[in-house]
Every structure is written in structure tokens, then in C-alpha cells.
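# Working through the structure, step by step
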Amino acid sequence: MPYARRILPLTAVTIAIVLAWIVVSAAVVPTDATEGVRQKLTYLHPAFAIITLIAFVAGAFFAWQHLKHDRPIDDLRSYVAIHQAQNFCLIALITGGIWGRAAWGVWWDWGEPVLVTFLIIFLLYATYQPMRFAIEDPERQARTASVFAVSAGIFAPVCFGVVRLTTNLLHPQPLDDPASNLPGTAGLAFGLSVLALGALFVTLWHLEIVHKSTRIRVRQLQRKVEGEDAVPVVARASSPVTL
Amino acid sequence: MSTPPAPRGAWTGDVRALLALEWRRERRAPQVLPTMVLFSIGVFVLFRFGLQDGRVDGPLAAGVLLVTTLLAALLGIGRLWAAEEDEGGLDAFRLTPASASALVAAKALALWSFLLVLHLVAVPAFAFLLLRDGLDVGALPTVAGALVLCDLGIAVTGALVGSIAAAARSRELLVPLMAVPLLIPLIALASEALSPVLTSPQDVVEGRWWTALALYDGVFLLVSWAVSDGIVED
């Protein structure tokens, strides 16, 4: 079973990093005098967004590997990376809304290019599953999904680049701003947030791969023992890898 | 799919033959081009009424022209791979020694040429129906350049999206869902490149928009070439 042995050590490391992140963000970094507690969202929301983008690019990388080597496991890796990234993307959008409400007084600002770009990327990836499972032939499904993942994975950073080129950002970048009076520990908390959520992503990715691989193996055994009809066609078509 | 190396010049010959096939198909049973042209003019008339007989210029004019182009292109993208999927064209193609990238390139070139022909009709119609001070002759090269680059981006991305959606049961629904987000940056860039020349008096277009448009086209050309085997492989 791929990755099963890594789950326990990965989970332990992730828990340690997440605890360090929570302690540093909540207790070590002083609360901002003007922004108050809402400034602590700096140690949550941007990290989700960064990991989301990295995960989409990772999904594209695995999809490219699948197109190159035609290994079903690469398709599964890509599928799971994109699936987890979609969850992270949704959380980034929600936490962004909460931050916007606290900082700007609105849940959403259509004039804010970074928010809108993120929504565009989320909407694009929201078509991944409908597109994938609308293709019945499992091999063609995997191949087409890989083509999509590569295209969308390259699009995501390009889209952000274009937005940064065409518009003046309203989005705050306090860590890059020399006028910002954030303490040195803020950089540590921010770094830890990216590290912690990165570790969380990798652990969840491993967990889902192990879960899906196990289910696929069980179905294969079920078909061997009970015959081809034991697994309904629908279940086969909605699997991310060829059964 | 392992194929013997093609002789030099064979790739361009394949692309030419496939492009000619696309145009022959369109000439025999005109579907895509008339639909796109009629749709665009219909949308301009719609804007004329929607804006209460108002005329547009600057960024609004660029937005109206480009969004109309994008919506018209969606109609073309939806039909681009229809013959391959519905009439077994892809199976027939797989029996030929032509490379997958030649087919994808021919599809992109076909859509690009359809969009260029569309603009030959749609831009004068737009200038006549909606543009506040008409289109200055001096602005034509800039408008043409921006539209050529924008159309190339739409064509390359459209060929890719069309191929992805073609394999699916509900391709008519998937094409706009996938194409619109992918093309938003392109429309944003083209709008920046077009709006100064659609303003009265005209403004100078910054060179960075041309570079960014060309880069966007280049990135998607590379992506299409890289994944073409995945599209066609059996």
C-alpha cells in the first residue's frame, strides 16, 4: 500500500509543528495595538492561500508525470492533491472573507483583485470533478483530467502574475512593507503557519491516498471473489484510477 | 503511443492538411463562422439597447468588444472537436502517422482563423453601432495587433478546453465553465492594450501589455504542445 508506513511519523511531525504554530501565534507574538486580534488572521489566511497554490501546481506536476509515464498512481496523486487543494482554497476564501469583514467592513470586495483571482481559480478547479466524472471510460477520464490539471496548474500562477501586473493591489502585505511595525516574531509566526499548513496538507494527502488505494484494493478483491458485477459500474466510473 | 520519427517538414504538412480539412468542413456546411458573426452582431445590438442608445469608448468599449468576442468564441470552441467525437474523426486520425500536436495545432489555427474572420466583420459593426467617435484609421494597426494576439490566446486555450470537454458527456456545459476562468487574464490584458486606442483622443498603449499578451499566448502554446499526446492517445 503506497505511503501507509509514512502516515504515523508524518502525523506526529505535523502535530508538533501545528502546536508550535498555535503557541507562537497566540502567545508569543504580541497582539497588534491598532488592529487587535484580527491581525492574528495574518497567521492563518495567507498560509492557506499559499499552500493552495502550491498544491494546485503539485497536482499539475503529478498529472504531467501521469501523461508522461502512464502510471495510474500519478493520476491518483494528482487527483488527491487537487481535491485537498480545493478544500484549502475554500478555507482561504472563507477566512479571507472574515478578514475582509474585520478590516474593510465587507465580507467580499469585487474591486479587490487578489480575492477575485482566487475565486476565478476556485471556480476553474470546481469544474475538475464534474469534467472528470462526465467521462465514462476510466483511462480516458484519467488522461483528460491530467490534461486539465496541467493546464490549470500552469494557469493559476500565470493568473496571479497578470493580476499583479494589471492592477494596483489593495491586499495588505505587511511582512513586505518596510513601514509596517510588526515585531520580528510576526515573521516567525507567519513562517510557522505556512510550514504547519504545508505539513497538514502533506499528511492529509497521504491519508487520502492510503484511503483511496485501500478502497481500490478492496474492490479489486471483491470483484475477484464475488465476480465482475460485485462493484457497480457507477462506482468504477467515479473512481480516480482505473479499477 | 510510439510512432516512428516523422520526416522533416511532415509536421507542417500535416497541420496544413488538417487546417484545410477544417475549412473545407466549414465551407461545405457553414456552422461555426456564421453563428459567431451573427451572435456578435446580435450582442452589439443588444448592448445598443441595454445601454439605452448609448455609445461607448475607452475601457468600456474594449470590454464590450472583447467580452462579445469571448462569448462568440465559446460557440466555436463547443463545435471545434464535435466532428472528432461524433463522427469518429479522432479514431480515423489515430490511424494516420500524423502527430497529436499537429491536430491540436490545426484546431487552434482553425479557431484563430475563424476569430480573425469574425473580427473583419465584427469590428466595423462595433465601430458603427457602439463606438462613440468611430474608429480612427491610425488606430487600426494597434487594434488589429491586440486582436490578433487576443484571438491567438483564445484559440489556443479554446482548442485545449474543447479537447478536454469533448470526451465528456455534457461538453456544452463544460466548455464555458472551463474556458471563461482560463480566459479572464487574457481579456484583462487585451482590454489594457485596446482601451487607449478606443479613447478619444487616443492614448499610447504601454509596451508591457503587448509583452504580457504574447507571453500568455506563448505559455498556452507550450502547454497545448506538451499535453497534445494526452488528448489524442487511445
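Residues numbered from 1 in each chain as written. Chains lettered and ligands numbered in written order. Predicted model: local features only at pLDDT ≥ 70, side-chain atom pairs only at ≥ 80, totals over all residues.

## With respect to the UniProt feature "transmembrane region" (unreviewed entry) in chain B
We apply this condition: UniProt positions are given in the numbering used here, feature names are shortened, and annotations may be inferred rather than shown by experiment. Each helix corresponds to a stretch of at least 4 residues labelled H or I by DSSP, and each strand to a stretch of at least 2 residues labelled E; elements are numbered beginning at the N terminus.
Within this structure's numbering, the places UniProt gives as "transmembrane region" (unreviewed entry) are residues 32-51, 63-82, 103-131, 143-166, 173-190 and 210-232 of chain B. For residues 103-131 of chain B, the helix share is 93%, the strand share is 0%, and the end-to-end C-alpha distance is 38 Å.

## What about the interface of chain B and chain A?
Defined as follows: In this description, any two residues whose backbone-derived C-beta atoms lie within 7 Å of each other are considered to be in contact. In this classification, the charged set is Asp, Glu, Lys and Arg, the nonpolar set is Ala, Val, Leu, Ile, Met, Phe, Trp, Tyr, Cys and Pro, and all remaining amino acids, among them Gly, are polar.
Counting residues at the interface gives 25 residues for chain B and 24 residues for chain A. Considering each element in turn, the side of chain B that touches chain A owes the most residues, 10 residues, to helix α8 (residues 171-194) of chain B. Within the side of chain B that touches chain A, the residues separate by chemical class into 19 nonpolar, two polar and four charged.

## Observations regarding the packing of helix α2 (residues 45-69) of chain A against helix α7 (residues 184-226) of chain A
Residue and element names in this part refer to chain A. Note the cut-off: Only the stretch in contact is used when fitting a helix axis, every axis being a line fitted to C-alpha atoms; angles between N-to-C directions are given from 0 to 180 degrees. Each angle receives one of four descriptions, namely roughly parallel if under 35 degrees, roughly antiparallel if over 145, roughly perpendicular if within 65 to 115, and oblique otherwise. Left-handed describes a crossing whose near helix is turned anticlockwise from the far helix through less than a right angle; right-handed describes the clockwise counterpart.
It is at 9 Å that the axes of α2 and α7 come closest, and there the two elements cross at 45 degrees. As far as their axial angle goes, α7 and α2 are oblique. Both α2 and α7 take part in a crossing whose hand is right-handed. Of α7, the residues touching α2 (which contributes Ala-47, Phe-48, Ile-50, Ile-51 and Ala-55) are Ser-193, Val-194, Leu-197, Gly-198 and Phe-201. Here the residues of the contact of α2 with α7 are counted per class, giving eight nonpolar, two polar and no charged.

## Observations regarding the environment of Val-123 of chain B
All names here are of chain B. In plain terms, the rule: Any residue whose C-beta has 12 or fewer other C-beta atoms within 10 Å is treated as exposed, any with 20 or more as buried, and any in between as partly exposed, C-beta atoms being built from the backbone.
Structurally, the position occupied by Val-123 is in helix α6 (residues 100-129). Judged by local crowding, Val-123 falls into the partly exposed class, with 19 C-beta atoms found within 10 Å. Linking Val-123 and Ser-40, residues 83 residues apart in sequence, is a C-alpha distance of 9.7 Å.

## Section: the UniProt feature "transmembrane region" (unreviewed entry) in chain A
When the UniProt feature table is mapped to this numbering, "transmembrane region" (unreviewed entry) covers residues 7-28, 48-67, 88-108, 114-135, 147-166 and 186-207 of chain A. With 86% helix and 0% strand, the stretch residues 114-135 of chain A has end C-alpha atoms that lie 33 Å from each other.

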